[in-house]
Amino acid sequence: MKQISGIFLSLVLLLSLLCGCQVQTGSYLQPVKLTESERDLLQLTHQTLPLVMDYHVEGAKSMSIDRMTLQDGQWVSEETQIFSVTNEDASQPMQGRMALNYSTASDNFGLTSVAAQLGDGTCLRSAEFSNSSTYELRSAAANQNESTVTLNQPVYLLIFCVDKPGNISNGAVATDPLAHPEAFTSDDVQMITVTFSDKEPA
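Quick caveat, the model's predicted, so the values are computed rather than measured. (Residues numbered from 1 in each chain as written. Predicted model: local features only at pLDDT ≥ 70, side-chain atom pairs only at ≥ 80, totals over all residues. Heavy atoms only, no water.)

A. Looking closely at the sheet that holds strand E6 (residues 94-105). Ordered by their spatial adjacency, 6 strands build an open sheet running E8-E7-E6-E2-E1-E10, and the pairing between neighbours is antiparallel. Strands at the two margins of the open sheet, each flanked by one partner only, are strand E8 (123-125) and strand E10 (147-148). Strand direction decides the pairing type here: strand E7 (residues 108-118) and E8, joined by 3 bridges, are antiparallel. Note that in E8 the partner of Gln-117 across the bridge is Cys-123. (Pairing = 2+ DSSP bridges. Helix = DSSP H or I, 4+ residues; strand = E, 2+ residues; numbered from the N terminus.)

Okay, structure coming up:
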């Protein structure tokens, strides 16, 4: 219970203290640079700092966060969305801030929760995700680059490379993981993505 409260507190702090997106044009996804004091405060409640991104997307009717896995050299999306938000006024850009909490524990890795602050100030949060696994984490990476958003095309947020016990890969992560699935050598690779769509959610 304390762990859940701590994660929730970290999300609340992120979405309330970090307000003021940079003024830009076009459709983009941009990592938020935390100050040292903000980083210190968040690390009191969560060992791994969350990934915090500002977004501004023209023409989007919805946003979804999904999990993809690498199967036979191809990225395959899971049928169930992790988190989704609808743009109530599609005539206006979809904009706001998202925060993704995740774990890099060797046997309990992956996305743990998602929160979003919408343009009108509304805050939404997912349930907690359980990530217990018999596989072992080799490497994890978060997208720290500004990305141009194309409608209906996923953008990489987080990636986890894992192996079966006793099988050790180098855990290599491609610079552009969506475009280069062949670069991965781990037994299992999981990627968290966000997609802005010009269609209403199903």
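B. Looking closely at a negative patch on the surface. A contiguous patch of negative charge, built from Glu-88, Asp-89, Asp-120 and Glu-200, is present on the exposed surface. When you line up the elements, Asp-89 lands in the loop between strand E5 (83-86) and E6. We classify Asp-89 as partly exposed; its relative accessible area is 38%. (Patch = residues over 30% accessible without salt bridge, like charges linked within 9 Å, V, L, I, M, F, W, Y side chains within 5 Å. Areas by Shrake-Rupley, 256 points an atom, 1.4 Å probe, with all protein chains shown as cover. Salt bridge = Lys/Arg side-chain N within 4 Å of Asp/Glu carboxyl O. Lys, Arg positive; Asp, Glu negative; His and termini not counted. Charge placed at Lys NZ, Arg CZ, Asp CG, Glu CD. Buried < 20%, exposed > 50% of the residue type's maximum accessible area, 1.4 Å probe, protein only.)

C. Here's a closer look at unusual backbone geometry. Backbone geometry places Asp-72, a non-glycine residue, at a positive phi of 55 degrees. A positive phi is found at Asn-152, a non-glycine position, where the angle reads about 70 degrees. According to the relative accessible area criterion, Asn-152 is partly exposed, its value standing at 30%.

D. A look at the nonpolar core. Counting 31 residues, the largest nonpolar core has Met-63, Met-98, Leu-158 and Phe-196 as its most contacted members. Going through the elements one at a time, strand E2 (51-57), strand E3 (62-71), E5, E6, E7, strand E9 (136-142), strand E11 (155-163) and strand E12 (188-197) are the ones with two or more residues in this core. Contact partners of Met-98, with chain neighbours within four places excluded, come to Leu-29, Leu-51, Val-52, Met-53, Tyr-55, Met-63, Ile-65, Ala-115, Ala-116, Leu-157, Val-194 and Phe-196. Of all hydrophobic cores here, the second largest spans 10 residues; its members include Leu-70, Trp-75, Cys-161 and Ala-174. (Core = buried A, V, L, I, M, F, W, Y, C linked by side-chain atoms within 4.5 Å. Contact = heavy atoms within 4.5 Å.)

E. Quick peek at the environment of Val-162. As for its placement among the helices and strands, Val-162 is situated in strand E11. Overall, the relative accessible area of 1% leaves Val-162 in the buried class. Sequence spacing of Val-162 and Thr-185 is 23 residues, and the spatial spacing of their C-alpha atoms is 9.5 Å. Look past the residues within four positions of Val-162 in its chain and what remains in contact with it is Phe-109, Tyr-135, Glu-136, Leu-137, Arg-138, Ser-186, Asp-187 and Asp-188.

F. Geometry of the confidence of the model for the chain. In this model, the chain carries a mean pLDDT of 85, and residues with pLDDT of at least 70 account for 87%. Of the regions scoring below 50 in pLDDT, residues 11-23 engages in 32 contacts with residues more than four places distant in sequence or in other chains. (pLDDT = per-residue confidence, 0-100.)

G. Structural view of the packing of aromatic side chains. Counted by the stated rule, this structure contains 3 aromatic pairs. A ring pair is formed by Trp-75 and Phe-184, whose centres lie 5.8 Å apart and whose planes are at 80 degrees; its orientation type is edge-to-face. Residue Trp-75 is found in strand E4 (residues 74-77), and its partner Phe-184 is found in the loop between E11 and E12; the two are separated by 109 residues along the sequence. What makes Trp-75 buried here is its relative accessible area of 14%. Ring plane angle 65 degrees and centroid distance 6.2 Å describe the contact between Tyr-102 and Phe-160, whose orientation is recorded as edge-to-face. Of this pair, Tyr-102 sits in strand E6 while Phe-160 sits in strand E11, and the two are 58 residues apart along the sequence. (Phe/Tyr/Trp six-rings, centres within 6.5 Å; stacked < 30°, edge-to-face > 60°.)

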